[in-house]
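Okay, here's what each chain looks like letter by letter:
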Amino acid sequence: MINVTADNKDNVVIAFVEGRVDSTNAAEFEEKLVAVDTGEKLVIDIQNLEYISSAGLRAILKFRKKHADLEIVNANTEVYEIFDMTGFTDMMTVKKAYRIVSVEGCEVIGKGANGEVYRIDPDTVVKVYLNDDSLDAIEHERDVARKALVLGIPTAISYDVVKVGEHYASMFEMINAKSFAKLLVADPDGVDGYAKMYVDLLKLIHSTDVPKGQLPDQREVALRWIADCKDALPKLVFDKLQKMIEEVPYSDKMIHGDYHVKNVMLQNDEVILIDMDTLAVGHPILEFGSIYNAYLGFSALDHSATKSFMGIDYEVGSKLWRRTLEYYYETTDEAELDYRENQAKIVGLIRLLRRTMRRNGDPAFIEYCKTELCKLAETVDTLL
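First, a word on what this report is: a plain description of the structure on this page. (Residues numbered from 1 in each chain as written. Predicted model: local features only at pLDDT ≥ 70, side-chain atom pairs only at ≥ 80, totals over all residues. Heavy atoms only, no water.)

Our next topic: the packing of helix H9 (residues 235-246) against helix H14 (residues 363-379). A packed helix pair is summarised by two numbers, namely the angle formed by the two axes and the spacing between the axes. Across the interface, H9 lies against H14 with an axial gap of 10 Å and an inter-helix angle of 65°. Relative to H14, H9 is oriented roughly perpendicular. For the crossing formed where H9 meets H14, the hand is left-handed. Residues Val237, Lys240 and Leu241 of H9 lie in contact with H14, whose contacting residues are Leu373, Cys374 and Ala377. Looking at the contact of H9 with H14 residue by residue, the class counts come to five nonpolar, no polar and one charged. (Axes fitted to C-alpha atoms, helices over the stretch in contact; angles between N-to-C directions. Helix = DSSP H or I, 4+ residues; strand = E, 2+ residues; numbered from the N terminus. Parallel < 35°, antiparallel > 145°, perpendicular 65-115°, else oblique. Left-handed = near helix turned anticlockwise from the far one by under 90°. Contact = heavy atoms within 4.5 Å. Nonpolar A, V, L, I, M, F, W, Y, C, P; charged D, E, K, R; others polar.)

Rendered as structure tokens:
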């Protein structure tokens, strides 16, 4: 049995299909669609469609000849797979139906500019994307996470896409996982031990070869950052900073792009990486700019920002940053560590300056970034 009802709003017809479509009723299905197809645009809602055969698919193709922008929406998993396997998802817009998940009363275990992460139960977390057009971002993150896993990076793979209220979200299995931020809150004196594990994973990431074209080139991103700062900096300073970034060579090694203690987890004695949407390739200095920002850059004028954003005290973040440099570069020479920090600071402050200006942010912070970059340009000649 097949049933078709419809709503027509502003010449957009939404046809609601219920039941099964097979060879015995495909002609009836087509006739009922013809009867309701009275608008300029046709959307077929198949939330209550249990099954569709090849005969039903051929009927839909006839309507696509009339409506080039035909959309199929709210397909359940089984029906979506039929559309996918037959190539319909390449020919037209076919959207899945997403189950609804509630995060009311759930623990917030992570929060960033683009989303929030909640623990649903002891085994499951959900990352809620706050942007309305987040489906592409979700699919991108799932894709690069799979690539990273294949290349040997321990990470969590999203096993489902759901909706939380009006927002899309990714579900992850995270059994007994705790972020390094939570571990450091519970044991702030354990910085040295956590820093070693933190750096071991970072070195694994930075030693991983990525096939060309699979991930964005972070050097190109950094060049856009400095280009957007051109009018904010003295010409000589801008020219020197731009030249330093231009001299950073292309690298096919992986970088995370947002490596900090809320994105590094300990699960059953294994250190794993989450939030893979910023994954790229590039020179390690481009990674260290973002790491510097996480612990020192964002909180340069307000040390409480480290606590607000990272969940750890500024002093703990500062110590972790310094230990990260020591263990990564395998030196305790203070002069060398200061120089490494200044290199990272240049990359980090260029990004922060651009970000703050684009968001019409705090003028005092913009001035701070400009002043510091001018000072750094006098003492640092290369990022290599």
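Right, let's talk about the packing of helix H12 (residues 314-329) against helix H13 (residues 334-358) for a bit. Running from N to C, H12 and H13 cross one another at 110°; their axes reach a closest spacing of 10 Å. With respect to H13, the element H12 is oriented roughly perpendicular. Contacts between H12 and H13 pair Trp321, Arg322, Leu325, Glu326 and Tyr329 from the former with Glu334, Leu337, Asp338, Arg340, Glu341 and Ala344 from the latter. When the residues that make up the contact of H12 with H13 are grouped by side-chain class, the tally is five nonpolar, no polar and six charged.

Another aspect to go through is the sheet that holds strand S8 (residues 124-129). Taken in spatial order, the five strands line up as S6-S7-S8-S10-S9 in an open sheet, and their pairing is antiparallel. Of all strands in the sheet, those with a lone pairing partner are strand S6 (107-111) and strand S9 (158-164), marking the two edges. Averaged over all pairs of adjacent strands, the angle between strand axes in this sheet comes to 30°, irrespective of strand direction. Bridge count for strand S7 (residues 115-121) against S8 is six bridges, and the pairing is antiparallel. Its bridge partner being in S8, aspartate 121 is matched across the sheet by threonine 124. (Pairing = 2+ DSSP bridges.)

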